[in-house]
Each structure stands twice: as C-alpha cells, then as structure tokens.
Amino acid sequence: MIIDGHWDTALFLREQSSILNLPQAHADLKRLNQHLDGAFLAIFIHPGRYADNQSQQFASLFWALLTDVMEHQSFCRILRSKQQLKCGQKFVILGAEGCGFLSNDYAVLQHYYQAGLRFVGLTWNYRNQFAGGASEGGNISLQGQKLIEYCNQLGILLDGAHLSEESFYQLADLSQQPFMVSHTACDALFSHKRNLDDAQLKKLAACNGVVGICLAVDFLGPSPGINTVCEHIEHAVEQAGIEHVGIGSDFDGAKIVKELAGAEYLTRIWQQLADRGWSDQDIAKVAGGNYIQLLERVLKE
Ligand SMILES: [Zn+2]
C-alpha cells in the first residue's frame, strides 16, 4: 500500500472544475489511481488572505472537492470508515489544514464529518482560536481542548503539522487518539521551525502516531535530493521507530525535490531505500502500512 500523508492539490479547484487530470501539477486523481492507494487531501485557506471569510472559502473548496471525487469514483473513493480499508479500493482522505474555518459552533464540524471530513490540523502557521502555530508560538486554548475531545469522539484524525512546539506537546497529552504530523522533516538534520526535533519524534511515537516526512526543498537542507529524503526518513525511524514513519510529500503546496516532483516518482524513494539495505517489509511500512494502522486506530466502524 502506498499512501501519501499530505497533498495540497485541492487548491487547484479555485480555478478548475476538477483535479482528475492536472499535468501541470505534482499530483491528480488519475495519478493517485495509477501510482498510489491513498492520499490525504488537505484544504488550506490562508488565514491572513481570507481573514474575513474563511468559513465560506472552506465550504466552497470542500464541496467542490467532495463533488469532484464523487464524480470520479472509478479512480478513488472518499474514505469514511475503516471497513473501506479492507476492500482494496483507492481512496482519498479529506481534511482541513487549520480549523480557522470553524467558529465556535462544533455542529458545523459534525456536518463536515458526515460529508466525509476525516482529519484536521488545529491551526496553520499562525495562532488561532484553537492553538499556537509554528510561526507564532502559543498554547492550545480551552476551545482547542474541546475541539480535540470532539474530534476524538467523532473519529477525526488530528494533524500536528504547523503547530507550535508548546501546542504539539499539549496535543500529545490531551488527545485520547493517536495523531499524525503529516508533512515535516527532522530538525536534527536541518533546523526549520516546521521540523520536529528528536524529543518530539519520540513523543509522537509514544502516542502511537505517525510522522510524514515531506519532499519539500525548504525543510530538508541545502540542495536536497532523494538521498537527503532517505536520510530524514532513516533519522525519523531511528528516533520514532519503524512503525511511526510515513511520507507526507506536500505535493502542490511547496517546491519539491526535483527528482521526486510528481506522484509518479514516489517509487524512486522505495527503490532508494532498498538500495540502502532496507527490507521490503520495512519499506512497506513507511510507504503506507503505518498510515493504514493509524487509520484503523482512529476511524470509526
Ligand atoms: Zn502545510
């Protein structure tokens, strides 16, 4: 199973009616169908640019994405339950990169859940009403605590990418369910405000979570290549353990390592790991097996 923990490809729905076939993008539903088994599709609404109408912006992209995927069910389905993981269909997991679109009305979240939303990050890089972000710092608020509890109850997977360090640790302590950090890299190899340090990698593993190592140039180091990506994966495995590492490319959300800039090239990573002496079994865990385990633990039914 090959699963990618983070695509921003849904953003193309601002200009186009479908993400089925996007030759100019890193990824699309056609390539998901050809080269992967599943991908987490995040809806990102810039909290600064759309400060006045985040909720509307989110709604319009979410419904556009939902409709688009449902119109192309022969390519992939929307993942709603863990039962579906057993039937061998390709899938997308719909989610939100930041909860700024929610007011204090959690009934709205339930509404999105019923439609198919299955993961959320509390905030993007800035602080919002729920949590502190990687750029601004800050704690999880009382509202944020309630939101975590509500997500745990519903079976919505929490994503700790973009959180401040304080909020990361609070999420780890507050969440009854394991969580992911969908697109990040190792701070020990390259210091970046969005990267996880060794203590965070260990904490995430202790919570039974999964870290998605990204393919974004800015997070990995000076002129990174496939080997750099493999070094980050291997460091994350050393710190967190083989059961707690995956890939979260950040396709269509960042500048990607040249040789890996497309969903069709993910296979180059598995090949490189094999060349570095990895067993097929361990490659399978990082390629998608660990996300399957995580989804099994968090999703209902
Ligand atoms: Zn992001």
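You'll find the structure just up there.
Reference entry: report on the structure contained in this document. It should be emphasised that the depicted structure is a prediction, and the values quoted were computed from it without experimental measurement. (Residues numbered from 1 in each chain as written. Predicted model: local features only at pLDDT ≥ 70, side-chain atom pairs only at ≥ 80, totals over all residues.)

### Looking at the pairing of strand β5 (residues 117-121)
- Burial runs high along β5: five of the five residues are buried.
- Judged from the four bridges that link them, strand β4 (residues 91-97) and β5 form a sheet pairing that is parallel. Of the residues in β5, the one forming a bridge with G95 is F119.
- Considered for its hand, the β-α-β crossover made up of β4, helix α3 (residues 107-115) and β5 is right-handed.
- Bridge count for β5 against strand β6 (residues 157-159) is three bridges, and the pairing is parallel. Pairing of G121 across the sheet is with D159, part of β6.
- Each parallel crossover has a hand, and the one from β5 via helix α4 (residues 142-154) to β6 is right-handed. (Buried ≥ 20, exposed ≤ 12 C-beta atoms within 10 Å, placed from the backbone. Helix = DSSP H or I, 4+ residues; strand = E, 2+ residues; numbered from the N terminus. Pairing = 2+ DSSP bridges. Right-handed = clockwise from strand over helix to strand, strands pointing away.)

### Overview of the nonpolar core
- Counting 92 residues, the largest nonpolar core has L41, V92, V211, I213, A236 and V245 as the members making the most contacts within it.
- Not counting the four nearest positions on each side in its chain, V92 is found in contact with L32, G38, A39, L41, V69, C76, I78 and L79. (Core = buried A, V, L, I, M, F, W, Y, C linked by C-beta atoms within 7 Å. Contact = placed C-beta atoms within 7 Å.)

### A few points about the packing of helix α6 (residues 198-206) against helix α8 (residues 226-240)
- At a minimum axis separation of 8 Å, α6 and α8 run at an interaxial angle of 60°. Our classification of the angle between α6 and α8 gives oblique. As α6 runs across α8, the sense of the crossing is right-handed. Along its contact with α6, which presents D198, L201, K202, L204 and A205, the element α8 presents A236, Q239 and A240.
- Here the residues of the contact of α6 with α8 sort into five nonpolar, one polar and two charged. (Axes fitted to C-alpha atoms, helices over the stretch in contact; angles between N-to-C directions. Parallel < 35°, antiparallel > 145°, perpendicular 65-115°, else oblique. Left-handed = near helix turned anticlockwise from the far one by under 90°. Nonpolar A, V, L, I, M, F, W, Y, C, P; charged D, E, K, R; others polar.)

### A short note on α8
- A rise of 1.5 Å per residue sets the reference length of α8, with its 15 residues, at 21 Å; its end C-alpha atoms lie 21 Å apart and thus fit the reference within 8%.
- Listed as buried for α8 are V229, E231, H232, I233, A236, V237, Q239 and A240.
- Those residues of α8 that are buried lie in contact with α6, β8 (210-213), α7 (217-220), β9 (245-247), α9 (266-275) and α10 (280-298).
- Of the residues one or two after α8, G241 is the one with positive phi, at around 100°. (Expected span 1.5 Å × (residues − 1).)

### What to know about α6
- Restricting attention to buried positions, one finds in α6 the residues Q200, L201, L204 and A205. Projected onto a plane normal to the axis of α6, the buried residues spread over an arc of 140° and lie on a single side.
- For α6, the elements touching its buried residues are α5 (165-174), β7 (180-184), β8 and α8.
- N208, located one to two residues past α6, shows a positive phi value of around 70°. (Arc of directions from axis to C-beta.)

### Regarding unusual backbone geometry
- If you check the backbone angles, D250 has positive phi at about 75° while not being a glycine.
- Here D250 shows up in the loop between β9 and α9.
- Residues other than glycine seldom take positive phi values, yet E301 does so here, at roughly 60°.
- When you line up the elements, E301 lands in the segment after α10.

### Some details on the packing of α8 against α9
- The contact between α8 and α9 brings their axes to 10 Å, and the two run at 70°. Classed by the angle they form, the pair α8 and α9 counts as roughly perpendicular. Our pair here, α8 against α9, has a crossing hand that is right-handed. Packed against α8, whose contacting residues are I226, N227, V229 and C230, the element α9 presents R268, I269, Q272 and L273 at the interface.
- For the contact of α8 with α9, a count of residues per class yields five nonpolar, two polar and one charged.

### Quick look at the environment of F58
- Counting through the fold element by element, F58 comes out in helix α2 (residues 54-71).
- Residue classification places F58 among the buried residues on the basis of 22 C-beta atoms within 10 Å.
- As for F58 and G100, which are separated by 42 residues in sequence, their C-alpha atoms are 9.2 Å apart.
- Excluding residues within four positions of it along the chain, F58 makes contact with I43, I45, A96 and F101.

### Things to note about the pairing of strand β2 (residues 38-43)
- By the criterion of burial, β2 is predominantly enclosed, with six of the six residues buried.
- The alternating pattern of β2 places G38, F40 and A42 and A39, L41 and I43 on opposite faces, both of which are buried.
- Of the pairings in the sheet, the one linking strand β1 (residues 3-7) to β2 comprises three bridges and is parallel in character. Within the sheet, the bridge partner assigned to I3 lies in β2 and is G38.
- As for the winding sense of the linkage, the β-α-β connection from β1 through helix α1 (residues 29-35) to β2 is right-handed.
- By the bridge criterion, six bridges tie β2 to β4 in an arrangement that is parallel. Across the sheet, F40 pairs through a bridge with I93, a residue of β4.

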